Amino acid sequence: MPTRLGGLGLPLPELVRIAGRLAAACGSAAMVWSMHQVQMACLARHHPDAPLLARAIAEQWLVASVTSENGVGGDLRSSRTGIGTGEGRCTLDKQGPTVSYGAHADAFLVTARRSADAAPGDQVAVFVSREQSDLRQTGEWNTLGMRGTCSPSFDLRAEFDPAQVLPVPFGDVAARTMVPLSHLLWSGVWVGLAAEAVDRAVRATRRRSRGGPLADRPELAVAHARLAGIRAQLDAATRSAEPVLEHGGQPTMGLAVELNALKVGVSETALDVARLALAVCGMAGFSEDGPHSVARILRDLFSAP
């Protein structure tokens, strides 16, 4: 959030670094923080006068998104749910197959069709508080990794004021803020997880060397090289996105291609880096316990691809 709205106004590169630093301790915590930042950025950039936003900042609300929906095949830019209107109020009723940290959120950014008879792609986003929502959990979250994001399915019903609808089409919000910032912060999380796996492999190698020269582990060298590659890719993409995310510039096709390449490249390579770290750590890495375990890191990184 910018300082004029009561936030810290952190620049984009610092947000990406924080995502990675949090991931070194816990991938799920880093991902929850990153997703929250994305929702707040959408509000700050596209509806800074939104009702409840000042309260959300002052009271440090945790904001979740309800953008996925049953029946649309994972298409972010399509909704089945339409906003209903009557007597000066709006309503919506949405079925979300995954609502990360939904049970713990104080507010939600929800996508829906502009009206009950609007086309599936004619979408808006709505900022609703927990108090305005009836949230019913309909599934479980028992996954290989990222368990701490707590992302089961929920049905969400809400009644709200029309002023809580973001004044620009959701397509603009997605293209200018949600998608590029998500790609960068999620990649920051994945790079942070991979970096922590390599650090543990280095510490395991030093322990085995017992003060002598480091053991020759070619996997460690390969892991370092691949980690350096995705770090450089993330840094370059962050610089490319700054004119759009920091200064309000227009997103370009070139930026979209670069960010998609970032998401795919980092999600696959970070997992490979952690696998190499496991080979270096051996049984100490395979164990669930101890300072050289990379078990949870690997499970969390399997979520990335």
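How each quantity is defined
- Residues numbered from 1 in each chain as written.
- Predicted model: local features only at pLDDT ≥ 70, side-chain atom pairs only at ≥ 80, totals over all residues.
- Heavy atoms only, no water.
- Helix = DSSP H or I, 4+ residues; strand = E, 2+ residues; numbered from the N terminus.
- Rg over C-alpha atoms; globule rule 2.2 N^0.38 Å.
- Buried < 20%, exposed > 50% of the residue type's maximum accessible area, 1.4 Å probe, protein only.
- Contact = heavy atoms within 4.5 Å.
- Areas by Shrake-Rupley, 256 points an atom, 1.4 Å probe, with all protein chains shown as cover.
- Lys, Arg positive; Asp, Glu negative; His and termini not counted.
- Charge placed at Lys NZ, Arg CZ, Asp CG, Glu CD.
- Phe/Tyr/Trp six-rings, centres within 6.5 Å; stacked < 30°, edge-to-face > 60°.
- Salt bridge = Lys/Arg side-chain N within 4 Å of Asp/Glu carboxyl O.
- Core = buried A, V, L, I, M, F, W, Y, C linked by side-chain atoms within 4.5 Å.
- Pairing = 2+ DSSP bridges.
- Axes fitted to C-alpha atoms, helices over the stretch in contact; angles between N-to-C directions.

K.L.:
Residues and numbers for the overall build of the chain, please.
P.N.:
When helices and strands are counted, the chain shows 8 helices and 7 strands. A compact globule built from 305 residues should have a C-alpha radius of gyration of about 19 Å, and the chain, at 21 Å, falls within 12% of that. Summarising its shape, the C-alpha atoms of the chain cover approximately 75 × 40 × 35 Å along the three principal directions. Of all 305 residues assigned to the chain, the portion counted as buried reaches 50%. A separation threshold of at least 6 residues defines the contact pool for the chain, and within that pool the share at least 24 residues apart is 74%. By element, 54% of the accessible surface of the chain is carried by carbon and sulfur atoms, the whole surface being about 13,900 Å². A gap of 7 Å separates the mean positions of the 30 positive and 30 negative side-chain charges of the chain.

K.L.:
Describe the packing of aromatic side chains, and please don't skip the residues or the numbers.
P.N.:
On inspection of all chains with the given rule, the structure shows 1 aromatic pair. Each ring, one from tryptophan 186 and one from tryptophan 190, has its centre 6.5 Å from the other, and the planes form 55°; the classification is tilted. A residue pair is termed a helical-turn pair when its members lie 3 or 4 positions apart in one helix, as tryptophan 186 and tryptophan 190 do in helix H4 (residues 170-209) at 4 residues.

K.L.:
Lay out the pattern of salt bridges with the relevant residues and their values.
P.N.:
The tally for this structure, following the rule as stated, stands at 14 salt bridges. For arginine 17, the salt bridge is made with glutamate 14, and the minimal N-O distance between the two is 2.8 Å. Taken together, the residues span about one helical turn, with arginine 17 and glutamate 14 both in helix H1 (residues 12-25) at a distance of 3 residues. For the salt bridge of glutamate 59 with arginine 55, the shortest nitrogen-to-oxygen distance reads 3.1 Å. Under the relative-accessibility criterion, glutamate 59 is labelled partly exposed at 45%. Each of the salt bridges in this network shares a partner with another, and the network as a whole consists of Glu14, Arg17 and Arg21.

K.L.:
A description of the nonpolar core should follow, citing residues and the corresponding values.
P.N.:
Core analysis: the biggest nonpolar cluster contains 92 residues, and Phe108, Phe160, Leu184 and Val189 have the highest contact counts within it. Top element by residues in this core is H4. It accounts for 18 residues. In this structure, phenylalanine 108 is in contact with Val63, Ala64, Val66, Gly102, Val126, Phe127, Val128, Arg130, Ser133, Leu135 and Leu156, ignoring residues within four places of it in sequence.

K.L.:
Give a detailed account of the sheet that holds strand S6 (residues 133-137), specifying residues and quantitative values.
P.N.:
If you trace the 4 strands from one edge of the open sheet to the other, you get S2-S3-S7-S6, paired in antiparallel fashion. For this open sheet the edge positions go to strand S2 (84-86) and S6, each flanked by a neighbour on one side alone. Neighbour-to-neighbour, the strand axes of the sheet open up by a mean angle of 10°, direction not taken into account. Looking at chain direction, S2 and strand S3 (residues 89-96) are connected through 3 bridges and run antiparallel. Its bridge partner lying in S3, glycine 84 is registered against threonine 91.

K.L.:
A description of the pairing of strand S5 (residues 123-129) should follow, citing residues and the corresponding values.
P.N.:
Burial runs high along S5: 7 of the 7 residues are buried. Of the two faces of S5, the one holding Gln123, Ala125, Phe127 and Ser129 and the one holding Val124, Val126 and Val128 are both buried throughout. As judged from the 7 bridges shared by strand S4 (residues 107-113) and S5, these two strands associate in the antiparallel manner. Looking at S5, one finds that alanine 112 is bridged to valine 124.

K.L.:
Tell me about the side chain of threonine 177, and name the residues and values.
P.N.:
In this structure, threonine 177 sits in helix H4. Judged by its relative accessible area of 0%, threonine 177 falls in the buried class. With residues up to four places along the chain from it excluded, the contact list for threonine 177 reads Ala41, Cys42, Arg45, His46, Asp172, Ser182 and Leu245.

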